[in-house]
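Single-letter residue listing:
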Amino acid sequence: MAEDELAAFRERWKEELTSDRDERQLVCAASPLSDARGRRDPKNSYFQNLENLNEDRSPSREATGGCVQGASAGSDSEDQPEYVSIARSLLDGRTSPLRDRIQEERTRRKRQYQSMTSACSASLQQQRLQQQQQQQQPERKGKKEEELLDQLIQDLNEVNDIPFFDIDLPYELALKIFQYLGRAELGRCAQVSRAWRVLAEDGVLWFRMCTAEGHHREAGVSDSPCWKSTLRDCRSSARTVRSNWKNRVGSISQLQFELGKVLCDVSCSDRFVLAGYTSGDVRLWDTLHWDSPASFLKVNGLSAHCVPRPPVSHVQVNSTVAAAAYEDGCVDLWSTETGGEPVHHYQSPERIRALALSPDGAALGSAAGAHVRLVAADDRGYWRELCRARLPKNVESLVLVPGRGQVGPLAALSAGDAVHLLDPRWGGGPRTLHSVYGHPVTCLDASASQVAFGVKRAGWAAHDGGNKIHVCSLETGKPVACVGDSLGDFTCVGLRDSAPHLLVCGNKDRRVTVFDLRAGSSVASLYAHHLGVTAVQADDWKVVSGGGEGLVCVWEMRTGAKLWEMHNRHPVRRVRFNAGTLVTANVPDDKSPRGACITDDDLTAHRRHRGVICHYDFSEDALSQDHILPICRSDYVESSGYNYNIGLAVPYDRLPGSRPPL
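Residues numbered from 1 in each chain as written. Predicted model: local features only at pLDDT ≥ 70, side-chain atom pairs only at ≥ 80, totals over all residues. Heavy atoms only, no water.

Draft legend 1. Focus on the overall build of the chain. Counting secondary structure elements, the chain contains 17 helices and 32 strands. Counting every position in the chain, which comprises 662 residues, the buried fraction comes to 46%. For the chain, long-range pairs separated by at least 24 residues make up 46% of all intrachain contacts whose partners lie at least 6 apart in sequence. Accessible area of the chain: about 35900 Å², with a carbon and sulfur share of 50%. (Helix = DSSP H or I, 4+ residues; strand = E, 2+ residues; numbered from the N terminus. Buried < 20%, exposed > 50% of the residue type's maximum accessible area, 1.4 Å probe, protein only. Contact = heavy atoms within 4.5 Å. Areas by Shrake-Rupley, 256 points an atom, 1.4 Å probe, with all protein chains shown as cover.)

Draft legend 2. How the structure looks around the confidence of the model for the chain. When pLDDT is averaged along the chain, the result is 77; 66% of the residues meet or exceed 70. Taken together, the stretch residues 25-51 has pLDDT below 50 and engages in 42 contacts with residues farther than four places along the chain or on a different chain. Confidence drops under pLDDT 50 across residues 159-166; counting only partners more than four residues distant or on other chains, this segment forms 15 contacts. (pLDDT = per-residue confidence, 0-100.)

Draft legend 3. How the structure looks around the environment of D202. Mapped onto the fold, D202 is located in the loop between α13 (194-200) and α14 (203-212). For D202, a relative accessible area of 15% puts it in the buried group. In contact with D202, not counting residues within four places along its chain, are Y171 and L175.

Draft legend 4. Representation of the sheet that holds strand β9 (residues 344-347) in the model. Ordered by their spatial adjacency, four strands build an open sheet running β6-β7-β8-β9, and the pairing between neighbours is antiparallel. Strands at the two margins of the open sheet, each flanked by one partner only, are β6 (312-317) and β9. The mean inter-strand angle of the sheet, taken between neighbouring strand axes irrespective of direction, is 15 degrees. Bridge count between β6 and strand β7 (residues 321-326): five bridges; the pairing is antiparallel. Bridge pairing links V315 to A324 in β7. (Pairing = 2+ DSSP bridges. Axes fitted to C-alpha atoms, helices over the stretch in contact; angles between N-to-C directions.)

Draft legend 5. Spotlight on the environment of I252. Tracing the backbone through its elements, the reader meets I252 in strand β1 (residues 251-255). Sequence-wise, I252 and Y616 are 364 residues apart; in three dimensions their C-alpha atoms are separated by 4.5 Å.

Draft legend 6. Local environment of the pattern of salt bridges. Considering all chains together, one arrives at 22 salt bridges under this definition. Between E201 and K228 there is a salt bridge, with the nearest N and O atoms lying 3.6 Å from each other. Of this pair, E201 sits in the loop between α13 and α14 while K228 sits in helix α15 (residues 227-247), and the two are 27 residues apart along the sequence. A relative accessible area of 36% places E201 in the partly exposed class. A residue is classified by how much of its surface remains accessible, and K228, at 26% relative accessible area, is partly exposed. (Salt bridge = Lys/Arg side-chain N within 4 Å of Asp/Glu carboxyl O.)

Draft legend 7. Summary view of the side chain of N507. Relative to the helices and strands, N507 is located in strand β23 (residues 502-507). At 3.4 Å, the side chain of N507 forms a polar contact with the backbone nitrogen of D489. Not counting residues within four places of it along the chain, the set of residues in contact with N507 comprises S486, G488, D489, F490, T491, G532 and V533. (Polar contact = N/O pair within 3.5 Å; in protein donor to acceptor, adjacent residues only side chain to side chain.)

Draft legend 8. Summary view of the nonpolar core. Among the nonpolar cores identified, the biggest contains 18 residues, and W245, V544, W564, V575, L582, Y616 and F618 are the most heavily contacted of them. Secondary-structure elements contributing two or more residues to this core are α15, β28 (551-556), β29 (562-567), β30 (572-577) and β32 (612-617). Those residues in contact with F618 that sit more than four places away from it in its chain are V241, N244, W245, R248, V249, W564, G580 and L582. (Core = buried A, V, L, I, M, F, W, Y, C linked by side-chain atoms within 4.5 Å.)

Draft legend 9. The pairing of strand β2 (residues 263-268), seen in detail. In terms of residue burial, β2 counts as a mostly covered element, since six of its six residues are buried. In this structure, β2 lies alongside strand β3 (residues 272-277), joined through five bridges in antiparallel fashion. In the sheet register, D265 faces β3, and the bridge partner there is G276. Counting the residues in the hairpin turn of β2 and β3 gives three residues.

Draft legend 10. Seen up close, α14. Every buried residue of α14 is listed here: L205, W206, F207, M209 and C210. Of the surrounding elements, those touching the buried residues of α14 are α11 (171-178), α12 (183-189), α13 and α15. Capping the start of α14 is the job of one residue whose side-chain oxygen sits 2.9 Å from the backbone nitrogen of V204: D202. Residue G214 follows α14 closely and has a positive phi angle near 95 degrees.

Draft legend 11. Highlighting unusual backbone geometry. Despite not being glycine, R248 shows a phi value in the positive range, around 55 degrees. Within the element layout of this structure, R248 appears in the loop between α15 and β1. Residue R248 is classed as partly exposed on the basis of its relative accessible area of 41%. In this structure, H570 is a non-glycine residue whose phi angle is positive, near 85 degrees. Positionally, H570 belongs in the loop between β29 and β30. Overall, the relative accessible area of 18% leaves H570 in the buried class.

Draft legend 12. Representation of the sheet that holds strand β21 (residues 479-486). Reading across from one edge, β18-β19-β20-β21 is the order of the four strands in this open sheet, with antiparallel pairing throughout. For this open sheet the edge positions go to β18 (441-446) and β21, each flanked by a neighbour on one side alone. Neighbour-to-neighbour, the strand axes of this sheet turn through a mean angle of 15 degrees, independent of strand direction. Two elements, strand β20 (residues 467-473) and β21, share five bridges in a ladder whose sense is antiparallel. Bridge pairing in β21 links N467 to S486.

Draft legend 13. Layout of the packing of aromatic side chains. Per the counting criterion, the structure on display carries seven aromatic pairs. Ring plane angle 0 degrees and centroid distance 6.3 Å describe the contact between Y616 and F618, whose orientation is recorded as stacked. Taken as a pair, Y616 and F618 share a single burial class, namely buried. Its end group placed over the ring of W245, K542 keeps NZ or CZ at 4.5 Å from the ring centre. (Phe/Tyr/Trp six-rings, centres within 6.5 Å; stacked < 30°, edge-to-face > 60°. Lys NZ or Arg CZ within 6 Å of the ring centre and 35° of its normal.)

Draft legend 14. How the structure looks around the packing of α14 against α15. Running from N to C, α14 and α15 cross one another at 25 degrees; their axes reach a closest spacing of 8 Å. As judged from the angle between their axes, α14 and α15 are roughly parallel. Between α14 and α15 lies a crossing whose hand is left-handed. Between α14 and α15, the residues in contact are G203, W206, F207, M209 and C210 and W227, K228 and L231, respectively. Residues of the contact of α14 with α15, tallied by class, amount to six nonpolar, one polar and one charged. (Parallel < 35°, antiparallel > 145°, perpendicular 65-115°, else oblique. Left-handed = near helix turned anticlockwise from the far one by under 90°. Nonpolar A, V, L, I, M, F, W, Y, C, P; charged D, E, K, R; others polar.)

And the structure:
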């Protein structure tokens, strides 16, 4: 189709030139016609020059010679523009008008001019005088014509081999097409032409690509002068962090609170770590600002006057709210920004068995026996109760679905052999998602669109493939996948923090398994812990697991190789990591060990019974002087440095900022 249109265009152009040639007449000497020719219409000058050029190339004109031929040849050889040769090449069917062809054409016309007879020398001199008069026009007009001519030649060269849609197509539509390309495709398009390079390096394209990969999600387009360089730096930093993860390069900190006695429960988010102790104290650490004043959380007035204070049973924390439940049924909530006194408090008649906090909102769910309560903060910051419900059996696990935003909290609960969903908007109590008599639910987790739970099969069903992990859709309530084939009970499952379409679970049979929900098959099966898996989390390339023997293992998912491991006393009850940090918690099973008399007079005794919280930092600046805690930069002559186990981080004499040993 394109070739037919090009042929039709050539025929129309030739017809216009032929009709123009019949109407014009050439004269030998200066005459009124020659003056009129000197003052011809600039709109028709392009076709007139092209006509003279065609007449010069005809053999009849060269054979007859004469005054007319000399005059026309002399004038064309002097003032014939460069684009006429390009147009002639296009008419002849040559789609690549190159500089050498133009030079050949000029050489031919120069030789033809030198062979002219001397009879027309007077007319040539007269025409030269006319050209000199034309050259004395204003410089501004001449510069403008030269710029237009250079632009025309440049455009013709680009039209030759490049789709020239950036002139015919609006910039916004071209940008809409380019947004479907990846990094490699945009790099290739930037090498095509200058126009394509402007499109391929547009800041909006690279900003969307940067946010799609998880970098600077809260930033705007105008926050960076060059998002392409920003994305390059982010990817380079990510490669460095991954290398630090694999080689265990970074810093480690043990979060301790001597007054808290024995550790009861730990919760962590991307920034905060919250711990509850048998002394009734709740401690909050800000991993970005270690000396934050919000670290000390006060208990409510009723529990503060109790002697002794009830121990902490459960804790939960997100980016804005921290919550703690006590053995006497009290629940306190604090603000992570201010700390201090609780912002909300309520009392349950029974001991709190499950506590869940929304990952991205101010909503809290608690379960005491078979009673469930949901509370949330309104737009003004006041906490109010949303609903209460009672289940047929005692609640064992409670999870709030993430990503609900302003819609309201949605709770997933496991009670005995059933899984229920509770939404305050329904108003009719909880709805049953799964229930099989005699098959208890052992673990539970939920993402924004799905809920996963482990089921222990008994009786005749135990011989039908063993224990299973069921995945159901929250929108339809129907099963999506059923994976797993294990004789042991599933102790933990990770769906919310895993990569898309991946599910990781731990089992009492000592294995960590990663499943692909799309295919329903196992991606990796790792023999991890000889006392069973107690905590697990995975992303797109690594798996971190904790066992009952106190061992924390980091695995590479693709190869199934163990990258490194760390051991502490007591079982690992909490594992949480993000791009550059890892938090592990070893919580003792026995909160009052025999022979470990921890009194107020001897706070440092029996440290091995307290439990430990470890914070690993694998970021690029983990070894910088500003990032290392002051206690790590102390000398052996100081008591604080002498009592600190610094061998877990890096060799002591290599720490920056430390003084040489005496």
